[in-house]
Structure formats: structure tokens, C-alpha cells
Amino acid sequence: MSERSFPQLGAELLTRSLDVVDLTRPIYEGMPQWFGHQKTFIMVNQTHEEFTQKWKTKCGFEAHNLLISEHVGTHTDAIFEYAPDGPKLHESPLAFYYGPAVCIDVEPWVESDIELLSKEKLLASVEASGQEIRRGDVLLLHFGYGDRVWPELAYAERNPGLSREATQWIAEQGVVNIGVDQMSIDSSEDAEFSAHVVCAEYGIVNTESLTNLSEIKNERVLYLGLPLNIRGGTGSPIRAIAIRQDV
């Protein structure tokens with residue numbers, strides 16, 4: 001990268017009053033991904049030099065092509081992914097993917113890399129957080145496992161997750177989106193995909209492969225994790241952020 005400064009008129013142009021925490025993992029070739037989804041390929045479509053030579057212009061445009069899954073990296077699901085009669089991405093209200101959120105630290109109660117977190121442990125973590133889960137909330141769960149092992153292959157092979165009872169209790173609180181900082185809301189050992197099944201039953205969504213939840217654990221924030229407007233989509237990569245403010 002060149003030593004030019006951007007923007008040219010000074011870095012203070014990017015100064016913002018918002019306190020923003022980036023919750024998004026990078027997308028790149030070779031990243032760990034769930035075995036059931038398309039691997040990531042990033043190809044150079046054209047370089048600056050190739051463009052100017054081909055089109056005889058002074059300004060060249062570099063562009064890359066992406067071959068990725070709808071569920072690559074930090075991503076969110078449409079209910080249709082796990083419920084055949086559920087809304088597809090373009091049919092899903094945007095309010096699923098942004099709004100008031102609370103981040104609960106469950107890491108102290110997780111004793112195994114493949115644990116199904118029980119309802120009892122979840123309730124203990126909520127009580128210890130000093131926070132409350134409100135109707136309409138996005139619930140972010142800090143398991144900690146993902147950030148410990150990323151970008152090792154173990155990230156795609158093992159992870160703890162929510163038991164059916166814990167997920168059902170979350171849904172009963174009126175949560176509309178469950179977000180986790182690992183490959184899935186389900187434990188890698190749960191072949192029944194219990195947490196996704198509960199999301200299907202209650203008509204709510206989930207968001208996976210977040211990062212940096214340790215920075216907002218046991219806090220209430222404004223969350224934004226907006227999907228691409230993919231017609232018929234089952235999910236979408238997102239740029240997820242948390243904004244600290246009174247919400």
C-alpha cells in the first residue's frame with residue numbers, strides 16, 4: 001500500500017461521534033467454513049493496468065470476482081434456510097437484522113468445546129450479566145470459543161452451541177435474532193440442529209460467526225447486521241456492528 005494518506009484533506013474527516021465496535025470477520029480464500037457450504041474463491045477480474053490497456057483510458061479500475069456462499073463468514077440467515085415455508089431473504093422484514101440488542105457472556109458456563117448450553121446455565125449467565133432480555137431484542141451470546149480458535153480449522157469442525165431448551169427459553173422472551181461468535185448456534189455435536197429447529201418453530205432468525213463480542217459482553221447496544229437484498233436468498237454475509245448508546 002502506498003504512503004499516501006486517505007482522505008487527502010485529513011484523517012479527521014473520518015472522525016465520528018459514534019462508539020462503534022466491528023463484529024465482522026474477514027472474507028478471504030482459505031478461511032474456515034462449514035462443510036455444507038461453498039468454499040470461498042476470490043479472483044482478479046482486471047487490474048488497473050489491464051483496464052487502461054484494454055480500454056485505452058488514463059484511469060484504470062481494478063475489480064475482483066467473488067465465488068462465495070450466502071453463509072460465508074459473518075452472516076445472517078433467512079428463516080427459509082431452515083423452514084421451507086418461511087420467508088426468503090427479500091421477504092424478511094429488515095427489523096430482524098437491526099435494533100436494540102443485549103450481549104450476554106455465557107463463556108464462564110461453557111465447560112466443553114462441543115457443549116450444548118443448558119437452559120439452567122443460560123439463566124445463570126443472564127442473571128450474572130445484570131442485564132435483561134426484552135421483547136424485540138437481538139440477543140448476542142459471547143461463547144468466546146470462536147475468537148480463541150480462529151482462523152484454525154477447528155473453527156469449522158467444533159463449537160459449543162445452544163440446547164433446545166435454552167433456545168426455546170430465548171424465543172419465549174420475544175427475541176427476534178440470536179447471534180453467536182462461532183460457526184453456528186448449534187453445537188457441532190448436535191445432529192438434530194436443535195437451535196435452528198426452534199428458530200423455525202418460532203419464526204425468528206439467527207446470525208453466526210460474529211467476532212469481538214468480548215468487547216460488549218454484558219452490555220446493551222444498538223446492533224446492525226444488514227443482509228444483501230438477495231431475491232430468494234437463504235441468507236447473506238453482513239457487516240455487523242454494535243453502537244454503544246442509550247437503547
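From a predicted model like this one, the values you see are computed outputs, not experimental measurements.

K.L.:
Help me understand the packing of aromatic side chains, please; the structure alone is not making it clear to me.
P.N.:
Given two aromatic rings, their pairing is described by the distance between the two centres and the angle made by the two planes. For the coordinates displayed, the defined rule picks out six aromatic pairs. With a centroid separation of 6.4 Å and an interplanar angle of 45°, the aromatic rings of Phe-51 and Trp-55 are classed as tilted. With Phe-51 and Trp-55 both in helix α1 (residues 48-55) and four residues apart, the pair spans about one turn of that helix. Each residue in the set Tyr-28, Trp-150 and Tyr-155 is aromatic and connected to the rest through ring pairs, giving one cluster. Over the ring of Phe-80 we find Lys-88, and its NZ or CZ is 4.4 Å from the ring centre.

K.L.:
Can you help me understand the side chain of Thr-234 in this one?
P.N.:
If you trace the backbone, Thr-234 turns up in the loop between β11 (219-224) and β12 (235-237). Judged by relative accessible area, Thr-234 falls into the buried class, the value being 18%. One polar contact links Thr-234 to Glu-70, side chain to side chain, over a distance of 2.4 Å. In this structure the side chain of Thr-234 is engaged in a polar contact, spanning 2.8 Å, whose partner is the side chain of His-71. Among all residues touching Thr-234, those that are not within four sequence positions of it are Glu-70, His-71, Asp-77, Ala-78, Phe-80 and Glu-81.

K.L.:
Which parts of the structure should I look at to understand the packing of helix α5 (residues 164-172) against helix α6 (residues 194-202)?
P.N.:
Direction vectors running N to C along α5 and α6 enclose 30°, while the axes themselves pass 8 Å from each other. When the interaxial angle is binned, α5 and α6 end up roughly parallel. Between α5 and α6 the crossing geometry is right-handed. Side by side, α5 and α6 meet where Arg-164, Thr-167, Gln-168, Ala-171 and Glu-172 of the first sit next to Ser-194, Ala-195, Val-197, Val-198, Glu-201 and Tyr-202 of the second. Tallied by class, the residues present in the contact of α5 with α6 amount to five nonpolar, three polar and three charged.

K.L.:
Just checking my understanding: could you explain the environment of Ile-243 for this structure?
P.N.:
Looking at the element boundaries, Ile-243 is found in strand β13 (residues 241-244). Counting along the chain gives 236 residues from Ile-243 to Pro-7, while the straight-line C-alpha distance between them is 24 Å. Ignoring anything within four residues of it in the chain, the contact list for Ile-243 reads Leu-18, Asp-19, Val-20, Val-221, Leu-222 and Leu-224.

K.L.:
What exactly am I supposed to notice about the pattern of salt bridges here?
P.N.:
Where charged atoms of side chains with opposite charge meet at close range, the side chains can pair. Applying the stated criterion to the full structure yields 12 salt bridges. Measuring nitrogen to oxygen at the nearest pair gives 2.9 Å for the salt bridge that ties Glu-201 to Arg-164. One end of the pair, Glu-201, is in helix α6; the other, Arg-164, is in helix α5, and 37 residues separate them in sequence. Assessed through its relative accessible area of 47%, Glu-201 is described here as partly exposed.

K.L.:
Mind showing me how you'd approach the nonpolar core here?
P.N.:
Looking at soluble globular proteins, one finds that nonpolar side chains tend to be buried together. In this structure, Leu-122, Leu-141, Leu-162, Ile-170 and Ile-178 are the most contacted members of the largest nonpolar core, which totals 33 residues. Elements supplying a minimum of two residues to this core: β5 (98-105), α2 (119-129), β7 (138-142), α5, β9 (177-180) and α6. With four residues, α5 is the largest single contributor of residues to this core. Sequence-distant contacts of Ile-170, that is, excluding residues within four places in its chain, are made with Leu-122, Leu-139, Leu-141, Leu-162, Val-175 and Ile-178. The next biggest cluster of nonpolar side chains, apart from the first, holds 14 residues, and it includes Val-21, Val-138, Tyr-223 and Ala-240.

Rules used in this analysis
Residues numbered from 1 in each chain as written. Predicted model: local features only at pLDDT ≥ 70, side-chain atom pairs only at ≥ 80, totals over all residues. Heavy atoms only, no water. Phe/Tyr/Trp six-rings, centres within 6.5 Å; stacked < 30°, edge-to-face > 60°. Helix = DSSP H or I, 4+ residues; strand = E, 2+ residues; numbered from the N terminus. Lys NZ or Arg CZ within 6 Å of the ring centre and 35° of its normal. Buried < 20%, exposed > 50% of the residue type's maximum accessible area, 1.4 Å probe, protein only. Polar contact = N/O pair within 3.5 Å; in protein donor to acceptor, adjacent residues only side chain to side chain. Contact = heavy atoms within 4.5 Å. Axes fitted to C-alpha atoms, helices over the stretch in contact; angles between N-to-C directions. Parallel < 35°, antiparallel > 145°, perpendicular 65-115°, else oblique. Left-handed = near helix turned anticlockwise from the far one by under 90°. Nonpolar A, V, L, I, M, F, W, Y, C, P; charged D, E, K, R; others polar. Salt bridge = Lys/Arg side-chain N within 4 Å of Asp/Glu carboxyl O. Core = buried A, V, L, I, M, F, W, Y, C linked by side-chain atoms within 4.5 Å.

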